[in-house]
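Below, each chain spelled out in residue letters.
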Amino acid sequence: MTERAHAAHAEGETGVWSGSWVAERLGVELAGDEALTGLLGLALRRNPKRAHLLVSNVLGKHVPQSPSVVYGHGVALGRRVRELLGAEAAEGAVVLGYAETATGLGHSVADGLGSAPYLHSTRRAVAGVARAGGFEESHSHATSHLLLPQDPALLAGDGPLVLVDDEFSTGNTVLNTIRALHERYPRKRYVVVALVDMRSPADAGRLDAFAGEIGARVDLVTTASGTVRLPPGVLEKGQELVARYEAPPVDPASGPTGGSPGAASPGSVERVELRWPHDVPDGGRHGFTAADRDRLESALPGMAARIADALPARARRVLVLGFEELMYAPLRLAQALEQAVGGDVEVRYSTTTRSPVLAVDDPGYAIRTRLVFPAHDDPADGPGERYAYNVAGAGFDAVIAVVDSAADTPALHAPDGLAARLAAHVPHVLLAVVPSYVPHASPAPQAPERPPMLPEPLRGPAFSSYAPDEVGWLLQDLSDVTLEAPTEEREEAIQSGGAHYAESLPVEYQPSEQYQELFHAALESSAARLARAVGAVTEVVLTERSPRPVLVSLARAGTPVGVLMRRWARFRHGLDLPHYAVSIVRGRGIDANALRWLADHHDPADVVFVDGWTGKGAITRELAAALRDFEVSDGVTGFDPEIAVLADPGSCVRTYGTRDDFLIPSACLNSTVSGLISRTVLRADLVGPHDFHGAKFYRELAGADLSPAFLDAVSARFPDVTESVDAHVKELLSADRTPTWEGWAAVERISEEYGIHDVNLVKPGVGETTRVMLRRVPWKVLARAGAGADLDHVRLLAEQRGVPVEEVADLPYTCVGLIHPQYTRGATGADGKAVTL
């Protein structure tokens, strides 16, 4: 048989059913939907527990298939689950896939479902990661499944749990899973998803009976259904056939075990650099969120282009070969490659496997060839054989082998390893390595089934220099932990992907005497303007949002503003409004435990989130996304994502005191104008799944504290601005305040014009520019031509730090701070390279 014939057969294109060989010799019958024989072939297991193996033609495991076909089947199942659950319930669902065969299918189902987080079981223990559960797969050659979510709370919600496997045969695996999880994390609804439902009549009623036993609803969604009819003695007959046809070890480049004769000489093995995004997990072993999915989607075209560039010029038939549980990443890479090369190259996808299956070179048999190689990822259950099926003799011009970095070991490259086995049959082998994702260790061995009671807010003077009634901090006190690092070290770690900015703190900037004088002068000149903005935004909140709002400041820039709004409400209306401060972290969302505390103590509809100002609107978007996620995870509705701010120069919100970009003096300093509280901290070894985010109280800076002075200077002007506030509020309430997001558009333009290509390094507005100068490594400052005293403090800081200030005409902000792109210590240019003269 020619190699092309091999390839055609593997994909079901010869007209011969790839289960006929087993059916004829064992008397096995496949009965059910007409689609079954197109979806499934048959092979013989080398397993004493079960004779036959249903081999899927659309799963992408044993049979190379078009990646769009593989992905399309999973997504279609996910959409059907969404229709079954309804949009509201689907938003609260969690998807669980089974290792190793269904890890990619489960991922694809989660994509079709929408924004559902995804987790798959694993047979690879990970040091330092506690298991949140486990179960057994009774018919498998490898039984123990571990559940190792980075956040065990992923399994603790009460939304629907969607369990995905490639086939639903006896139901034992699913029942074992639900039983184990339901004892610890009970919920009302489960959905079982599989490509095929192949239960026997005796097994068909077990699912409903089990659902009644646990008091939950259990639905089943499949692509096709039927049953396998087995004659008496089939297990013994199958073992006899395996013994008869199992060839002794032969040269790896020939025969049905090694594969049909491949290349005359070994092919080349080269690496291709994917540039996998550092913040995206390699799969769902520890959980995979909608945000992870979005970041991966953005990176896929670039990675596919790098693979396409590395392919030999004459390659016309290419296989992307995944690795055991690593199925989704290779699948999406294959799909992106398929789109990138168009019709010029035929792209197929499959993966290696632990499953020992007999190979028989016959058109009516599903597993035509078998490559055998030793395990190369140091598995917890010890060394053993691994397999790649239907690869040898399939006519591939190139194979892109995708493994995670834990599997990129000497065994992979050994003379009998996977790379050599592939090179014996394929002219070109490309190796693509995805970084293995290891979550931060949790301080607790595992999360409890239900979160414990959250603590009461921290208050001054024990935590912060604010009076106890001014604000309650929904934070944990990390004052005794050393978190500070030099600015340059933090910048290098953040931009290299080695750390998130919220995992450490900058060393507190201690202002010079000249700078402090500027602060006091700015406060004196702007106090009335600030008081007017405070009064205006508070009146808009009282009119449009709630007559008795619960003010929730976004720590820490929002906290002084929240205190001032609370003071205005008392001054003008005699109201004593609750006020809290919570943490929100770009890229990680708002503190969900703080939201839970607020929902337990107040009506979420009364909560008004408060911040100092808007820049480009990143936190505005972050809050909206985080609240959507919280509704899904906790089922709590009513929180309004609209932020109330003093100044909205970016036109990102409807509730503001002004849209002018002017100096808010509280931006001039760090903790010494914010109650001596640090920026908030979110680090896995310090903040557990049921803890508030952290912060430090710098008691030692009490002698330099200007927090009360700032508040008193502004609130002292309240009586002077009452009439102007009334007039301004009347104008605001009648105006069209629809956000235009013009600030975001300006930031994107600046990012491209200055060769930065990262909007996170462009900080627009006086407040954000000041933060750049105090906390980050600034590159340059763009100042609107003719900007006056509002920029005196920025110019002073720029002079002290040697940062150029460039005047720009038609700048939509008073100024814009640019963080040093691609920073490394000694870097000088946008390319991050040092300049030597």
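Residues numbered from 1 in each chain as written. Predicted model: local features only at pLDDT ≥ 70, side-chain atom pairs only at ≥ 80, totals over all residues. Heavy atoms only, no water.

This next bit is on unusual backbone geometry. Following G460, the chain continues to P461 via a peptide bond in cis, the omega torsion being 0°. Among the secondary structure elements, P461 is positioned in the loop between β17 (428–434) and β18 (472–473). Across the junction of A555 and R556, the peptide omega takes the value 0°, indicating a cis bond. With respect to the helices, strands and loops of the structure, R556 is situated in the loop between β22 (550–555) and α17 (558–573). In this structure, E324 takes a positive phi of about 45° despite not being glycine. Position of E324 among the secondary structure elements: in the loop between β12 (317–323) and α13 (328–341). A residue is classified by how much of its surface remains accessible, and E324, at 5% relative accessible area, is buried. Positive phi, close to 60°, is recorded for N390, a residue that is not glycine. Topologically, N390 is positioned in the loop between β15 (385–389) and β16 (398–404). (Helix = DSSP H or I, 4+ residues; strand = E, 2+ residues; numbered from the N terminus. Buried < 20%, exposed > 50% of the residue type's maximum accessible area, 1.4 Å probe, protein only.)

Here we take up the packing of aromatic side chains. Inspection of the entire model under this criterion finds 13 aromatic pairs. Note on W21 and Y245: the rings are 5.0 Å apart at their centroids and 80° apart in plane angle, and the pair reads as edge-to-face. Residue W21 is located in helix α2 (residues 20–26), and its partner Y245 is located in helix α10 (residues 234–245); the two are separated by 224 residues in the primary sequence. By relative accessible area, which is 3% here, W21 ends up buried. Residues Y387 and Y389 carry aromatic rings whose centres are separated by 5.8 Å and whose planes lie at 10° to one another, so their mutual orientation is stacked. The pair formed by Y387 and Y389 is uniform in burial state, with each residue classed as buried. Grouped by ring-pair contacts, the aromatic residues F463, Y466, W473 and F697 constitute a single cluster. (Phe/Tyr/Trp six-rings, centres within 6.5 Å; stacked < 30°, edge-to-face > 60°.)

Here the focus is the pairing of strand β3 (residues 52–56). Summarising burial for β3: 5 of the 5 residues are buried, a large majority. Of the two faces of β3, the one carrying H52, L54 and S56 and the one carrying L53 and V55 are both buried. Here strand β2 (residues 40–44) pairs with β3 via 5 bridges, running antiparallel. Counterpart to L40 in the pairing with β3 is S56. (Pairing = 2+ DSSP bridges.)

Moving on: α13. For α13, with 14 residues, the first-to-last C-alpha span of 20 Å sits near the 20 Å given by 1.5 Å per residue. The buried fraction of α13 is high, at 12 of 14 residues. If you follow the buried residues of α13, they end up packed against α4 (67–85), α6 (103–113), α12 (290–310), β12, β13 (346–352) and β16. Note on α13: the residue one or two positions beyond its end, G342, has a positive phi of about 60°. (Expected span 1.5 Å × (residues − 1). Contact = heavy atoms within 4.5 Å.)

We now examine the pattern of salt bridges. For the structure shown, the criterion picks out 42 salt bridges. With a shortest N-O distance of 3.7 Å, R348 and E346 are connected by a salt bridge. Of the residues examined, E346 reaches a relative accessible area of 31% and is grouped as partly exposed. A salt bridge links D726 to R572; the nearest nitrogen and oxygen atoms lie 3.0 Å apart. Remark: R572 occurs in helix α17 and D726 occurs in helix α21 (residues 718–734); sequence separation between them is 154 residues. For D726, a relative accessible area of 36% gives the class partly exposed. For R572, a relative accessible area of 30% gives the class partly exposed. Through salt bridges with shared partners, one network takes in D111, R293, E297 and R332. (Salt bridge = Lys/Arg side-chain N within 4 Å of Asp/Glu carboxyl O.)

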